[in-house]
Amino acid sequence: MPVYTLPDLPYDYSALAPVISPEIIELHHDKHHAAYVKGANDTLEQLAEARDKESWGSINGLEKNLAFHLSGHILHSVYWQNMTGPKDGGGEPLAADGVGELAEAIKESFGSFAAFKAQLSKAAATTQGSGWGVLAYEPLSGRLVVEQVYDHQGNVGQGATPILVFDAWEHAFYLQYRNQKVDFIEAMWQVVNWQDVARRYAAAKSRADVLLLAP
């Protein structure tokens, strides 16, 4: 039985239009995300075979593949939930909308929402090659940080929990935005589901003792 499975979308393919077209959502979820799930499961099988045969010649490549596919699966699973239709999403998180704790955390960590928005936008748009811009909860400081993820790995603080992710791979936008990644990142702010981000922030904050650095 597969260890990882492709999650269902929380909306139909057209729910994020006109920000993201139905065609992109269908291809992105049903093909690209599904490929990461398959890749993670296939790599686990290959690692099991390597253990059984005590054949470790390909261990470096297999471990890298597992990290790549598993991170792709996890980030995409967060990505779909991080978005909602333009009528319900976007704007700035406000206490009046029930996300005041998140709003205060953003202000404390970045100075203002505008400063945070600028940093995450730049991080997503300038990631070398393919990658992600990520807002994460960092448990040692209890603060929010912005990270750049190259491909699906790297340049992240160990133990930090992603709570808002912007997919800046070309497959996320090219059919609609062509090579204008910056325009896509700017449009993404119209569909951010702050309710989901706030829930993820609260959950990550409640698990702050998971990362134990001292007895």
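Residues numbered from 1 in each chain as written. Predicted model: local features only at pLDDT ≥ 70, side-chain atom pairs only at ≥ 80, totals over all residues. Heavy atoms only, no water.

### Focus: the environment of Ala125
Assignment of secondary structure puts Ala125 in helix α4 (residues 113–126). We classify Ala125 as partly exposed; its relative accessible area is 22%. Sequence spacing of Ala125 and His28 is 97 residues, and the spatial spacing of their C-alpha atoms is 19 Å. (Helix = DSSP H or I, 4+ residues; strand = E, 2+ residues; numbered from the N terminus. Buried < 20%, exposed > 50% of the residue type's maximum accessible area, 1.4 Å probe, protein only.)

### Description of the pairing of strand β1 (residues 131–138)
The buried count for β1 comes to eight of eight residues, which makes it a mostly enclosed element. Of the two faces of β1, both are covered, the one formed by Gly131, Gly133, Leu135 and Tyr137 as well as the one formed by Trp132, Val134, Ala136 and Glu138. With eight bridges connecting them, β1 and strand β2 (residues 143–150) associate as antiparallel partners. Counted as the bridge partner of Ala136 is Val145 from β2. Counted between consecutive antiparallel strands, the loop separating β1 from β2 contains four residues, among which Gly142 sits at a positive phi close to 70°. Here β1 runs beside strand β3 (residues 161–167); their pairing, made up of six bridges, is antiparallel. (Pairing = 2+ DSSP bridges.)

### Looking at helix α2 (residues 59–81)
Helix length check: α2 (23 residues) gives 33 Å between terminal C-alpha atoms against 33 Å at 1.5 Å per residue, within 8%. In this structure, the buried side of α2 is in contact with α1 (22–53), β1, β2, β3, α6 (181–188) and α7 (194–206). (Expected span 1.5 Å × (residues − 1). Contact = heavy atoms within 4.5 Å.)

### Brief notes about the environment of Val149
Mapped onto the fold, Val149 is located in strand β2. Each C-alpha atom, one on Val149 and one on Glu63, is 18 Å from the other, the two residues being 86 residues apart in sequence. Sequence-distant contacts of Val149, that is, excluding residues within four places in its chain, are made with Leu75, Thr127, Ser130, Gly131, Trp132, Val134, Gly154 and Val156.

### Digging into the UniProt feature "domain: Manganese/iron superoxide dismutase N-terminal" (unreviewed entry) in the protein chain
The feature "domain: Manganese/iron superoxide dismutase N-terminal" (unreviewed entry), as annotated in UniProt, sits at residues 4–84 in this numbering. Regarding residues 4–84, the helix share stands at 68% and the strand share at 0%, and the terminal C-alpha atoms are separated by 24 Å. (UniProt positions renumbered as here; feature names shortened; annotations may be inferred.)

### A few points about the packing of aromatic side chains
Any aromatic ring pair is given by two values, namely how distant the centres are and how the planes are angled relative to each other. Applying the stated criterion across every chain yields a total of 15 aromatic pairs. On the numbers, 5.2 Å between centres and 40° between planes, the contact of Phe110 with Phe116 is tilted. For the pair shown, Phe110 and Phe116 are each scored as buried. Ring-pair connections join several aromatic residues into one group, and the members of that group are Phe110, Phe113, Phe116, Phe166, Trp189 and Trp194. (Phe/Tyr/Trp six-rings, centres within 6.5 Å; stacked < 30°, edge-to-face > 60°.)

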